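Here is how the chains run, residue by residue.
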Amino acid sequence: MSATDNTTNTLDLRIPLAEWIRPSQAFGNQQSSGGRGALPDDYLLPALQIAYSLADQICKTKDESGQLQLPTPGTDWIDSIVVITDGAPSPPSASAADGDLSNGIRVEILPTLFFDTTDSNNLGRARNGRILFSLGIVFYELFSGGERPAEMKPKQIIEGDNFEVSQGQTGTRELLESLETLPFGQGDGTIDLEGVDIDDFDLFTSHDLQDEYNDIWGNDEIDVCSLQGQHPRKKESTSIDNIMHAVSVEPLKAKGVPGPLCDLIANMMDIADGKLGGEDGYRAMSDVRDDLQLMLDKPSIYLFDQDMGRLSTTGLQFGGTLFGRNAELYTIIDSYRRSAAGESGSVIISGKSGTGKSLLAVEVGKYVISNGGILLTGKFDQLQQGKPFSALASAFNQFCEALVDNDDLAPMKQKLAHQVDCVLGGDAYQLTKLMPKLSIILGLNFSCSNHDEDCANAQKRLQWLMCKFVQVLSTSFAAPVTLFLDDLQWADSASIAAVNQLLLAGGLTSQEGHFFFLGCYREGDTGSGVTYDKIIPSVNVKLDCMDEETLNTMVSETLCLSPRLTRTLSSVIYHKTKGNPLFVTRLMMSLCKDGLLRPSLRQRRWEWDKEKILCQKLPDDVAEFLSHTIEALPDDLKATLRVLSCFGASVNSAFIKALERALGRNLLNGIGAAVAEGLLDKIDDQYRFSHDRIQEAAYNMMNVFERCEFHFRYGMALASLEDEEGGFIFTAVTQLNFAGPEAVEDERQYTIIANHNLRAGKKAMEVSHFEAAYIYFDNGITFLRKEHWEEHYALSLELFNLAAKCALANGDIISMKLLSQQVLKKAQSFEDTLNVMYCMTCSLSYSSKLPESIETSLDILSQLGIDLRGRESSMEVCVKETRDLLSSYTYDELLNIRRMTDSTMIMAMKFLSKLMTGMAQTTPESAPRVAQQIIQLSLDHGMSPVSPLGFVHFGSYSAKLGDISGGYSYVKLARSLLDKLGFKENAGEIICIGTQVVSYLEPLQATVEYHDEGYAAGMASGDIFQAAMNIMTRYVSSFCAGVKLQTTREIVDEGIEFMRERKIVIFVLELQGFRHSLLKLMGIDEELKHVSAEEEDILATNYNARKVHLFQKSYISFMFRSYDDSKAYAEKYFAFIAKASIANLIVAHSFNAFYIGLISFWVARNSGDGEQWYERGNKFKLALGKWAETSRWTFENKWYLLEAEEAFCKGKFDDAKVYYEKAVKSAKNHKFVHEEALAYELAAYFYLAIGEVSNATEHCLLAHDRYQEWGAIGKCANLFKFIGDIMNGCVDSSPAHSLAVANAMHEVQSDLAHLLSEDSNLNAEARKRRVEDRSSENQSPRDQPRSSIK
């Protein structure tokens, strides 16, 4: 015989099965997990493992030729079976809870039980019933404690024609000693005994039947008396042809053997007239094996008895088990694991209604929680779309509520509160409006919180704050955060934008904070117009209906019956439902309710009427089926479902009680009945429809007019409660809006409902949901009557003003214009038009129509008495006048000026702010006059949110004119006003402009991180442009500060992605130019991407963008020593300086002045018009010298290098040498490695020009090292040409010199190869170590005294 594996350990204990069986008397009073009888788990479960092993081996055993070998039927199989255990003399204990039987127990069937399959006579005797019956006897003895069926004599042996076994044969122990281990396990695992054609073997002739009867049972009659008091499962046949009898398993049940196991044995021995029994009878040994496997794997379902008495009362119960979705589950879990490891990710589960999307998400949630993650859950609702951020707010607020209610989490609450305060500060107030329970955690008192509601882009501000809060959650609890939102088809675009922001937020890419999004989307519903592809999904999991095999598994586990027994029922259900899981569950519940599927107390299992089920006429659609189901309910229950369906998929207990008071009727009784019917689920404090389709079916029971009537009645009732309790404004107004003006019963109600919409819209604006707010304002306008401007002017003006503001925030420019035109037409004063005029001005600014925006602002300000036309003056004059204006105030007096309260002046300040922004880009020379006006109004009327902006720009203008220290004092004043007054609207711009001035006083490297703060402030205020400004200035400052090029590249790549997502085209264009220069320095050749028509237009019309582009061309040409290109681009750059002047002082001014100055001196030495270029270079040198007076750290080395280049031009070579060395030393001391490299390089060109070849070589090699340290491998390669010129044109006799040059060239080649092979991922640390190792070599010529290489 052969098998796959039957290796026996020398420590294994081999025991005959008859000896292994524990006598039933030894069971004592132990209880099993099944709760009945004396058969304990520590015997039952190992015995079950033995039974499975026996059936499995019979299915698999083959002889040496590969043919199946079948055992000889008989009643004495137990003597040919050996139990092999891992050294344990008795059955080891096992846990019934999980079926863990991995205890090494197995069996071996001795060869004496098998016969040769080539013997057709013996093969003919191997029939299904006889083999199954024979194994059934073994099982009976195994689970009865060694007893045999009462119907059988103690022992009888089948005596075949060629195979005889007597009671005196050699025993099992003797066989164990003489036989080798019998190998089992080969084959495909299945013997199809039904495949043997009965006609091929004449088995059932009368004499054969009689002989077999005598062989098995003997000639004596069965002792009927021995059966008294027992109840055989099937009545024994009295026919003379009876050769095998059905055996009663009641004695097994009395011993505590579980009912399903008893049924399995009975079905194996259910034989009459030599044939297998009815539908429950087994047909193949593989079926027995599979059923035993299920009992081992899932004992609570398939092994232990079910409480049929309880099920007769409760009816059919469905658990939360997931069927047929393992592949999808593993896909989602794998994506979650990646996000937990550091990648933010998202998965969208899509599919038709009822396919189990939410159930799959629940399984994922269990995994998240069990692995220590944080799970936030929310659900969108078709009838609750009016509530701002309904699903997001619910998800976050429920998590905060759980923290508040759990006293054991007090330390975590304190930690969270501390972290929120550190990261968000006062901005946390904005989040408490979305998640009120957070205010309890923070101990925040609403009344004492200072907050500015007039945010440039409040919705983006809220998105950013949510991102920071998620980051704080993740870091505080040291766990990844998962957000699950159900029913995305009903999501609003603002919530989708928030989710995308969570996925994109750079703050979530830290090593400590991770975010994962999971959403469910129902296909086939248009919903709110939002499709799941608008979310940024990394994985999309689509669910279809179950196949028939999966459905059978579901039915099998639900009814706790073997799949072979439920297959007929499952086939009928599949035919009716096409495998839709929701349809399946509701249909089975309906069948149970109608008595077609029922628990049988007699059979202790479920039974059904297949034919009656087939005859039932059912709808093809689950929605129609649910509608019919609800129609059949009692009237009072239907009425309750109708009421609840008007409010969406779920409501809480507090709302139900309020609704009962408002309507004056009892709802809880009907709700309890609906829970009992399985139509509603009660989860904690929530009552939720079991499925959205049930809610929709209940809602669709009402016609259009009934819905209108009910919505209006419920809305008015809740609105009256809201006046008293203030709790249901959104729900009440949403109900009224569903009803519409047609439902109004009294003329006075029109105005009342319009006011309700106004209040709801304002509350929606408080949480920055401008889409929801606009809907409320628009509905409020709809409820106004024809003469509303005359009869309700104040209400009309406020509705139109706020609707226009929300339309602008939503990007709906057409609606904004229409609303504004109405206000301009109906307004009773000019002041009443200011709000819509401001919206129109902003619209012009956002659409790049800056000249029109400026003219509109000037016109409006003129009508407010602020005339800026005709007051043009130079920047110097304007700055002097403003300084004189402020000279009479001390710093403290300015800081303590009162707040501005005049609403007209507040609006004027907003117009001035927009005007200054526009002029800074078009007519920068006029911007200081606007800043002066802002400061004047602040002194006269008090500080507004725009005031700090005026002071920071004035400080920047002063610094640009040379008074850097004086300008810095006003920068500090602007920052202090921000902190003192809580003005955050312009914080990002103030930090950005102020940091540029600070960079001229403090070390440049120390100021880079300030722009991170400015970026966060811009995002927190919702102003994307402010955030983008800080990204740009951070890049420029990082590059100028000599930050490693790979790090700078990461900054610029993140910046480009940010700008592209927000469609800030001008910044994308500028950053792409920077990136091209950066990559060339790093040695990476990358072609510039195609310039779009829009980008070409910007380069043609925007002077500042053109100037930046030309400077980058000049810079990279200079760095790679392309003289002609450097000169040509520099000449074009000079042509744009006057056109593209910037009033503010920025870091780029010094950077541009430094390199254009170097180019100017280079051209001056080699050009016919050298004097003009010399004057240009000298001008920039003087500017650097002036800046070096305020910050030697940042500007001294640059000034020295320009002095050296100027001395080179004039032929003052001794002075040049001194300044070159000073430039090198200053750059090294002040940590500007890139400028140290540049100083060495330019000195090398100087020494080569004056004939000092050794000095030129030495400085070139040192420049190579510093460029390499910076990461400029491309620049190092550029030095090849110069080194080659030295080696080929100026031969040096020093071997050490030649060796040093050769080593440098070899290292550059090696670095370039490494760079390209690593896909530009520079290993800066490795390069640094190589430089250090090389510099420590004793023979390194560049580290030796200069005299040694002369």
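The shown structure was predicted, so the numbers you read here are calculated from the model rather than taken from an experiment.

Enquirer: What's the story with helix α57 (residues 1233–1249) in this structure? I'm lost.
Expert: Residues separated by three or four positions in an α-helix point in the same direction, a consequence of the helix having 3.6 residues per turn. Compared with the 24 Å implied by 1.5 Å per residue over 17 residues, the 25 Å span of α57 between its first and last C-alpha is a close match. Burial runs high along α57: 15 of the 17 residues are buried. In the stretch just after α57, Gly-1251 is the one whose phi turns positive, near 90 degrees.

Enquirer: What is the right way to read the pairing of strand β9 (residues 515–522) from this model?
Expert: Looking down a regular strand, the side chains alternate between one sheet face and the other. Counting buried positions over the 8 residues of β9 gives 8, a clear majority of the element. Pairing of strand β6 (residues 345–351) with β9 involves 7 bridges; the strand directions are parallel. Among the inter-strand pairings, Ser-346 is bridged to a residue of β9, identified as Phe-517.

Enquirer: How do you make sense of the sheet that holds strand β14 (residues 680–683) when you look at a structure like this?
Expert: The strands making up a sheet associate through hydrogen bonds between their backbones, and the pairing can be parallel or antiparallel. Judged by pairing direction, the sheet is antiparallel, and its 3 strands sit side by side in the order β13-β15-β14 without closing on themselves. Two strands lie at the open edges of the sheet, namely β13 (650–652) and β14, each paired on one side alone. Direction aside, the axes of adjacent strands within the sheet are offset by 20 degrees on average. Relative to strand β15 (residues 686–689), β14 runs antiparallel, the two being bridged by 4 bridges. By the bridge assignment, Leu-680 is partnered in β15 with Phe-689. Against the sheet, helix α25 (residues 635–645) contacts β13, β14 and β15, and its axis sits at roughly 100 degrees relative to β15. Sitting on the sheet, helix α26 (residues 653–663) touches β13 and β15, and the angle it makes with β13 is about 80 degrees.

Enquirer: Could you clarify how one ought to interpret the nonpolar core in this entry?
Expert: Note on soluble globular proteins: their nonpolar side chains tend to be buried together. Core analysis: the largest hydrophobic core is formed by 249 residues, its most contacted members being Met-1059, Leu-1081, Tyr-1115, Tyr-1155, Leu-1238 and Tyr-1267. Of the residues forming this core, the biggest block, 13 residues, is contributed by helix α53 (residues 1147–1166). Look past the residues within four positions of Leu-1081 in its chain and what remains in contact with it is Phe-1039, Leu-1045, Tyr-1115, Ile-1116, Met-1119, Phe-1120, Trp-1270, Gly-1271, Ala-1272, Ile-1273, Gly-1274 and Lys-1275. Formed by 63 residues, the second largest nonpolar core is a distinct cluster that contains Leu-596, Ile-613, Met-701 and Tyr-714.

Criteria and cut-off values
Throughout this description, residue numbers start from 1 for each chain and increase along the sequence as written. Only residues with pLDDT of at least 70 get local features here, since the model is predicted, and only at 80 or more are side-chain atom pairs given and counted; chain-wide, interface and lining totals rely on the full set of residues. Computation of side-chain values: all heavy atoms of the structure, hydrogens and water removed. In this text, helices come from DSSP runs of H or I with a minimum length of four residues, and strands from runs of E with a minimum of two, each type numbered from the N-terminal end. Take the residue count of a helix, subtract one, and multiply by 1.5 Å to get its expected span. Burial here depends on accessible area, computed with a 1.4 Å probe over protein chains only, as a share of the maximum for the residue type. Under 20% is buried, over 50% is exposed, and the range in between is partly exposed. A pair of strands counts as paired when DSSP detects no fewer than two bridges linking them. Interaxial angle, 0 to 180 degrees, is taken between N-to-C directions of lines fitted to C-alpha atoms, where a helix line uses only the stretch in contact. The criterion used for residue contact is that any of the two residues' heavy atoms lie within 4.5 Å. Put simply, buried Ala, Val, Leu, Ile, Met, Phe, Trp, Tyr and Cys residues joined by side-chain atoms within 4.5 Å make one nonpolar core.

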